Structure formats: C-alpha cells, structure tokens
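Residue strings, one per chain:
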Amino acid sequence: MDALDASKLLDEELYSRQLYVLGSPAMQRIQGARVLVSGLQGLGAEVAKNLVLMGVGSLTLHDPHPTCWSDLAAQFLLSEQDLERSRAEASQELLAQLNRAVQVVVHTGDITEDLLLDFQVVVLTAAKLEEQLKVGTLCHKHGVCFLAADTRGLVGQLFCDFGEDFTVQDPTEAEPLTAAIQHISQGSPGILTLRKGANTHYFRDGDLVTFSGIEGMVELNDCDPRSIHVREDGSLEIGDTTTFSRYLRGGAITEVKRPKTVRHKSLDTALLQPHVVAQSSQEVHRAHCLHQAFCALHKFQHLHGRPPQPWDPVDAETVVGLAQDLEPLKWTEEEPLEQPLDEALVRTVALSSGGVLSPMVAMLGAVAAQEVLKAISRKFMPLDQWLYFDALDCLPEDGELLPSPEDCAPRGSRYDGQIAVFGAGFQEKLSRQHYLLVGAGAIGCELLKVFALVGLGARNSGGLTVVDMDHIERSNLSRQFLFRSQDIGRPKAEVAAAAARRLNPDLQVIPLTYPLDPTTEHIYGDNFFSHVDGVAAALDSFQARRYVAARCTHYLKPLLEAGTLGTRGSAKVFMPHVTEAYRAPASAAASEDAPYPVCTVRHFPSTAEHTLQWARDEFEGLFRLSAETINHHQQAHTSLADMDGPQTLTLLKPVLGVLRVRPQNWQDCVAWALGHWKLRFHYGIKQLLRHFPPNKVLEDGTPFWSGPKQCPQPLEFDTNQDMHLLYVLAAANLYAQMHGLPGSQDSTALRELLKLLPQPDPQQMAPIFASNLELASASAEFGPEQLKELNKALEFWTVGPPLKPLMFEKDDDSNFHVDFVAAAASLRCQNYGIPPVSRAQFHHLKWTCWDRLKVPAGQPERTLELLLAHLQEQHGLRVRMLLHGPALLYSAGWSPEKQAQRLPLRVTELVQQVTGQVLAPGLRVLVLELSCEGEEEDTAFPPLHYEL
C-alpha cells in the first residue's frame, strides 16, 4: 500500500491531538509498527495501554505468569477474578477495547531469536537481568530497537538501545523557527534584518534556512537551504545577494531542521559504562549509585531465588554488600572521577524495593512508551541510554516513623504491593482521605486511575469527588483511556467515575457536572470544602487553574496541579502559606490575559497571536452575537433604525453579506462564505489601502507602513489553495448550523460548486471601518438608502425559526469551529506577510479570554459605584472611561456633580438612561468597554461581559 492509500485509513479525528505533534508521516509509521511487550505487571500494562492508545499496528503481549494479589496494586487491567490466570491473557481483551484498530495478541511460548525478527521494537519490563541481556544482545544484533524497564518500590529504571546507527529525522518537538523579514540588503554577504519583535536570539551560527513570500528579491523564495551567520546586532548574514533583485517588502525566514545520528551501546556493554546526562555531578553520582543498587538487587534475586523482603534489615545489608562487591563502573571522559558508593541510598532502595506502586509505574510506563514512539517515528531525540528516577523523598525523614517488616507483610489484599512500601497504617490513612478532582480529561483519567488503585478514599469515611462539565467526544478516546466509543456524548465526570469504580469496587466516588467557577460558589462553598482533604486540578485553561488555586488558598487545602503541552508535561504541589502561591507561566499569562490593542488586531497585525485574536473575534461576531441580535429583533419586532446604531449595523452587515434573503440550502451558505472570504481577505484589504496607501508618509516624513505596521496585500481566491477552501468549507458549515440547515464535509464537491457560483458584487460587501482609523463615524457609511436595504434584508430573518447562536468549542474537531479560526488566522497572516502558523503551533496558542462578571442569583444588581469598586479591588483597574457600544456611561473627567448623579445608578438603569433604549427582557449580557488610568493610549482590555 502506498503512502497515499495508507493516509486514507488514518483516523484523523481520533488521533487529532497526536497528529498536531507528530505529523501524518510519523503517524503512518506508527500505524504500521509491530511491538512486543514482555512482562504484564503494572509497568508492562502501562506501556501496553499507551501504545494501544497511540495506535500502533500490532501489539504482542508476553507474560505466562499467574496473577497474584500484589499485581492489583498497580495493574489496572486485572481484578480479583483474574487471580491465578495468566497476566497476558487476562489483559488482552481490555487492552483491545481501548482501540479496535490495533491488533492485540498473546504469545505464550518463549522469546526466541526468530520471534524477535518479527518486531520493530521489543520492550521487557520487570525481567531478570539474564533475560534482559539475552534479548538485548539479539535485538542489537538484528537492528531491533530494545527497551528494558523496571520499578522497585520508589525507584525506576529505563534502558534504551536503538542500535549503532539510528537516524533521528526530526530531533526536536519544536516547530522550525520562523520569523518575519524587515529588510534584505544586496551585497556579499547580504544582510537580513528581522522585523521588530522577532526572536532573533533563537537563530544560531551555521543554521540552515529557507525563505518564502519575499517581494522583490524573489530569487531567495524556495531556494536551497542557506547557512547563516548571526551578527552582534541580531541581523543575519545570508550569503551573496549581489546579483539578486532589489528587496521590496515582506517575506519570512524559516529554519531547516537537520537529521541527527544516534549511536547506542548494547546492554552488556552499557551495564559497565552507564552514561548519564544530569544537571549536576551530585545527580550523576546518585544515578550511578541507583544503577549499582539495581545490579545488586538482580544479584540478590539470582542467589536467593526471591527479591528482598520488605523492610527486612538483614536482606537490605546483604544487598549493600553485593553492591560493594560489584565490578567498578568504567567512567567516560565526561565523568572521570569515581565517587564512593552511597551505602545509605542503596540500603533505602533495598528496604523499600519489595513493593510496586501505581504512580511509579504510570510515570515510567509513560516515558517508556514515549521512547517506543521515538523508535518507530524517528521523531525527537531518544534517551542516551539510561534513565533513573526515584521518589524516595516520599518516605518519612524521621527513621522512627519508617514501617516495620510486620507492618509491611502481605495481607491477601489488592493493596499488598503498596503496603510493602508504606505499611498497613499508611494504607488505612489513605483510605479515609476525601479528595476533589477537577477535570476528567487526559490527566484527570490518569489521576483517577491512580487514586482508584492506591485506594484513596476507599473507606466509608473517605471519598473522591470528580468535577467536569464537558461531554465525551471521539477525539478524546486516543488519550482519555477511561472512555469508550459507546460513551461519546455522555458527561465525562459520570463515565469516569463509573470506570474508576470498576477498577476498584471499594472506591467511594461522586461525579458532579456543575462547573467550578464563581457562578457555583453556592454549590462549592464552605460546607463542600470543609469535607475535602486536598484538591487535584487537571484543567486546560490558566484562568480556571488560577480560580481553583485561589479557592484552595482560601480554604487552606493542598493543591496538586498538572498539565501537558505536546510531549512535555509538568506537575507541582502547592501548600497554602507553606510553598509559593500558584502562578501561571509568564508566557501563558501574557497570551491569555493581555489582549492586544483593538486597532492593532483589526487593521495592523504583526504577529500570529494578533491574527488568532482577530479570527476568534470574527467567530464571535458572525456566528454568535449576530444570531443573538437577530433573535432579539424577531422577538421585539424592532427595525434596524431602532437598534443600537452603528455598532449593530457593523455587526449585521457581514452576516447578511451577499445574501439578501434567508439562506435556503447548502449552496446559499457556500455563496455567503465565498462572499465573506472576499470581503475579509480581498476587498477589505483594498479599502484599507485606499485609506492608507502603500506610499503614505506621516507629517515627520516617516513612512506610515514601517516598523511593526506591515503593508498588507489583498489575496485572490483560488480553489486550489487548501486554506482558501478550508475557510469557505468551515464558514459555510457554521452559517448552515446557525440557520438550522444541513452542511457538508465534501471538499471535492465544494471545489466544483465554487466554480459554478457567480462572483460576489463588491458593492454589497464594502466593509465598515471603526472610527479609530479616521475622524469619521462608522454610521456615516450608512445612508438612508443603505439602512432601508438592510432593514428589508433583515425582514427575511423574521420568517422561520430563531437562529442558533454558536458557542465556541475548541475541543471538538468535527464542528468546524477550530477549522474556521485556524483558516481565518492563516489567511490573515498571508495578507500581512506574517509567518504562517502550523496546525500544531495553532493549537499551542492560547485563546483570547473575556472577563465575565455575573449578577449573583437572588442578589441585587450592582450599582455603577460598586462595579467600579469591584474592578479596582479584584483587578487593580482604576477605570477612566466605561462605554456600552458608542454610549459613554462614565468618565473620570466629569465633574463631581455629574459623577454623583451616575454612581448610585444600577448598571442596567445607567445603560437605559444614557442610550435612551429599554433593555430587552431576554437580554442576558451587557458588553462594556474599559479604558483605565495610567495605561498607554493603545492599551486594550478585554470587554467586560456583565451577565444579567
């Protein structure tokens, strides 16, 4: 099957998040991969689960050993009914249910040389050292990627051998660096200056780059990669440009990634030469001591036919002696000094090594599966070659509080593996805890699994509450393993809670689907938090994380906060008044909470973030606010002349677009979408250039289009351009959804339909510019005839059912919401010569957020004075002006008498008094614009959504 045919079988909806990170070629390789996992205790089950979710072609399980009680502490695929049954056979069906596209089979015989030849990657978990050496040697001989992983109590080990000549095609997860060009000189060398604000420090001497979108010096566009030299001032030498055409404007420079070759040693050699990469010599020494501890544990097992007994001091001293007698490690040039063995560390490892812990196997199983993915896809640098991880700091610092051998003895319980490390007393305390888990997505499912296996809240006095207001979508299934295809559409919290009870019937878990935010503090209030011992947050917005962190601080509850981004992840614990308070990363705070100046976003964008915010605003205006406005017109039977002046007219005209009747079918929706494409990316840009021509010069002689202001160029619609087609497809489907009409996903048929449609009349699509461009009001663009025409067009919307306002949903890849915003932002980038945003980069950008202030149910509405006080106290904003549409509600420059007249009024009373309009009975939100004292003139704050 060729690549084109194979791509048709790739389930892009299911693997959407994975595709953004890996790309289609890597996913094709993963779909064809054959992997063997030997050892199906907790660690092997985690590796297998992750590989099935990733979508490997086939997964072979090998573990003929019978299930025992200690397995249940960390092996989520097994239950009491599987005791004495083969681990591999008992795990097969549940693994297969995670992804029916993956062939999951069981191998019951020995692992032979011939068997290994059938696989691209082989993973051994919890295997004896003799087995690791035998299989590792054969894999190294035949070029099969080999991994060995193991956990012993609170310590984990991972080894990778990808062969002596393994080529990594894409060494880093980061997208190739792209920056906008300000100027290129003719000369030898040519000097390239980046646009102001570009990340010049990311380019390095010797980097290979290509160029695109340049006007004038077109010889550089799509040229062979060129090597650059970074000058002290940040400009770049790009080679000889003497004979090239003179540079005019625009363009982008893009880094070209280079493959790297990895050379791994076989396990028998690497055992004595364990190269470890660490941040300090102390960490390197600790890793080497852990390496010797594992070797000594293997030796103990070989001599005694069993592992050390939990917390047995005699067995522990035997392990320390074996570690001391091991052959010294052979140090490399980078690690020339040999340090003495840390006997206390080895002793602690031996004492606590008799158990297995769900959090440990989950962490190491995720890393191991990630390394398998690297071996298959040849993306991202693999480990070199050993990884050691320990959580020994979980043990009490006071030696007298450490568990005794009697406290850690087996009890024929599903928690025996955990009791072997922490003791039965600790298990009893854990079972009586009551925790709140906020978020049942990818991380939330993993946390819930761990909580169930460790027995958190598994007694009547304990419990677990899961809060999530979202519903399950198909794209969730590739990473949220508690959900199945039959659960699509159901609440995440309820399905996750039921799945957790199946993992551990003792678990006391309650699902709640109310959001945890300021609107529900009557639910999650004093009484609720008084019964909570701690909180775990697995949320996908920093706004929500900050709110949960603030509630934990208020109620003095510990908080575990975790998140992921691509192949990276983070987790942190916050203790009120003990650790530092929760703070979102600076980059996230900037992107989520600091909107860009409105004028910049609308007319003078210079970054991809500007275009993303513009596209997000487009979605809101076209498919939500317009529908709400028209519905209000239907209910109130008012004309446009009675509505909110220029603001309403500006909102409605693009929605009506080229149509003057209500759309009746898919073709009408496509015609509207095509017209709007031309309005935004062609005619709108041409009208902007009529206001500000490319050669416009300011009074001081400075060109208007200079610095961050890049002169835009209108686009010509082309059905052969994928992004052009995607925009029309998404916009037409959203327009159809808003009008209750059937849509279409057939891009081929759409391309043919577009060829038959008449070209839109530019006179019907003249865009409306805000008054911040010139000293002319937007209403001047609407004469009596235009107003009459719009009123006539709007009459068609009073016939038929109300429109459906679309609430933006970023997690559903099938509803065209994300497609529309992505396509709109990309086309906007093309207009202004901004480096394009890839799909992966697009999903890493943060969405624009608006502040919302709700009138609490049953409480009186705020007066203007209380509203201003709230903004000062909660957000530190001293409001200079407050506007509703074009109406000025408040000004700090007014006389004290005038302010005294306005401040006692309720906000809705003030709006009605100033605008002279009675607010509609069904109105839910007032959108207020703020400008604040002490801020720059072009500083923009998010609109304040005052919810009634």
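Our subject is the structure listed above.
Residues numbered from 1 in each chain as written. Predicted model: local features only at pLDDT ≥ 70, side-chain atom pairs only at ≥ 80, totals over all residues. Heavy atoms only, no water.

A. Structural detail: the overall build of the protein chain. Looking only at helices and strands, one finds 31 helices and 27 strands in the protein chain. For the protein chain, buried positions account for 52% of its 948 residues. Of all intrachain contacts in the protein chain linking residues separated by at least 6 positions in sequence, the fraction that spans at least 24 positions is 71%. Surface accessibility of the protein chain: about 43,000 Å² in total, with carbon and sulfur atoms responsible for 52%. (Helix = DSSP H or I, 4+ residues; strand = E, 2+ residues; numbered from the N terminus. Buried < 20%, exposed > 50% of the residue type's maximum accessible area, 1.4 Å probe, protein only. Contact = heavy atoms within 4.5 Å. Areas by Shrake-Rupley, 256 points an atom, 1.4 Å probe, with all protein chains shown as cover.)

B. Up close: the sheet that holds strand β6 (residues 155-161). Strand order in the open sheet made by the 7 strands is β3-β2-β1-β4-β5-β6-β16, with mixed pairing throughout. Single-partner strands in this sheet number two, and they are β3 (103-106) and β16 (386-390). Mean inter-strand twist for the sheet, computed between neighbouring axes without regard to direction, equals 15 degrees. Bridge count for strand β5 (residues 145-152) against β6 is 7 bridges, and the pairing is antiparallel. (Pairing = 2+ DSSP bridges. Axes fitted to C-alpha atoms, helices over the stretch in contact; angles between N-to-C directions.)

C. Highlighting the packing of helix α12 (residues 358-377) against helix α15 (residues 442-454). Relative to each other, α12 and α15 sit at 145 degrees, their axes nearing to 9 Å. Counting all contacts with α12, which are made through Ser358, Pro359 and Ala362, the residues of α15 involved are Lys449, Val450, Leu453 and Val454. The class makeup of the residues in the contact of α12 with α15 is 5 nonpolar, 1 polar and 1 charged. (Nonpolar A, V, L, I, M, F, W, Y, C, P; charged D, E, K, R; others polar.)

D. Quick peek at the side chain of Ser353. Looking at the element boundaries, Ser353 is found in the loop between α11 (343-351) and α12. Judged by its relative accessible area of 6%, Ser353 is buried. Polar contacts involving the side chain of Ser353 include one to the main-chain carbonyl oxygen of Ala350, which spans 2.9 Å. (Polar contact = N/O pair within 3.5 Å; in protein donor to acceptor, adjacent residues only side chain to side chain.)

E. Representation of the nonpolar core in the model. Core analysis: the biggest nonpolar cluster contains 87 residues, and Val35, Leu51, Leu59, Val121 and Leu482 have the highest contact counts within it. Among the elements that line this core, the one with the most residues is α12, at 9 residues. Those residues within four positions of Val121 in sequence are excluded, and the remaining contacts are Arg34, Val35, Leu36, Val144, Cys145, Leu147, Val372, Ala375 and Ile376. Core analysis: the second largest hydrophobic core is formed by 50 residues, Phe159, Ala270, Leu290 and Ala323 among them. (Core = buried A, V, L, I, M, F, W, Y, C linked by side-chain atoms within 4.5 Å.)

F. Region of interest: unusual backbone geometry. Along the chain, Ser188 connects to Pro189 via a cis peptide bond; the corresponding omega equals 5 degrees. Of note, the bond from Asp384 into Gln385 is cis; its omega dihedral lies within 30 degrees of zero at -25 degrees. Here Gln385 lies in the loop between α12 and β16. Even without a glycine there, the phi angle at Ala126 is positive, about 50 degrees. With respect to the secondary-structure elements, Ala126 resides in the loop between β4 (121-125) and α7 (129-142). Of note in this structure, Phe380 is not a glycine but carries a positive phi near 75 degrees. By secondary structure assignment, the location of Phe380 is in the loop between α12 and β16. Residue classification places Phe380 among the buried residues on the basis of a relative accessible area of 6%.

G. Region of the structure containing the pairing of β5. Across the 8 residues of β5, 8 count as buried, placing the element largely inside the fold. Because side chains alternate across β5, one face comprises the buried residues Cys145, Leu147, Ala149 and Thr151, and the other comprises Phe146, Ala148, Asp150 and Arg152, equally buried. With 5 bridges connecting them, β4 and β5 associate as parallel partners. Residue pairing in the sheet places Thr125 in a bridge with Ala149 of β5. At this point the chain moves from β4, through α7, to the parallel β5, and the crossover so formed is right-handed. Hairpin geometry of β5 and β6 is characterised by an intervening segment of 2 residues between the two adjacent antiparallel strands and by a positive phi of about 65 degrees at Gly153. (Right-handed = clockwise from strand over helix to strand, strands pointing away.)

H. Spotlight on helix α24 (residues 722-738). Relative to the 24 Å expected for 17 residues at 1.5 Å per residue, α24 spans 24 Å between its end C-alpha atoms, a close match to the ideal helical length. When you tally the buried positions in α24, you get 13 out of 17 residues, the bulk of the element. A positive phi of about 70 degrees marks Gly740, the residue just after α24. (Expected span 1.5 Å × (residues − 1).)

I. Looking closely at the packing of aromatic side chains. In total, this model carries 29 aromatic pairs according to the counting rule given. Summarising the aromatic geometry, the rings of Phe76 and Phe481 are spaced 5.3 Å apart at their centres and angled 70 degrees between planes, so their arrangement reads as edge-to-face. One end of the pair, Phe76, is in the loop between β2 (58-62) and α5 (87-98); the other, Phe481, is in the loop between β18 (463-467) and α16 (492-503), and 405 residues separate them in sequence. Neither residue differs from the other here; Phe76 and Phe481 are each classed as buried. Relative to Trp894, the ring of Tyr890 has its centre 6.4 Å away and its plane inclined at 75 degrees; by these criteria the two rings are edge-to-face. Across the pair, Trp894 and Tyr890 agree in class, each one buried. Among the aromatic residues, those joined into a ring-pair cluster are Trp614, Phe619, Phe623, Trp672, Trp677, Phe681, Phe717, Tyr727, Tyr735, Phe808 and Phe820. Between the NZ or CZ atom of Lys49 and the centre of the ring of Phe481, over which it lies, the distance is 4.9 Å. Taking the ring centre of Phe542 as reference, the NZ or CZ of Arg545 above it sits at 4.8 Å. (Phe/Tyr/Trp six-rings, centres within 6.5 Å; stacked < 30°, edge-to-face > 60°. Lys NZ or Arg CZ within 6 Å of the ring centre and 35° of its normal.)

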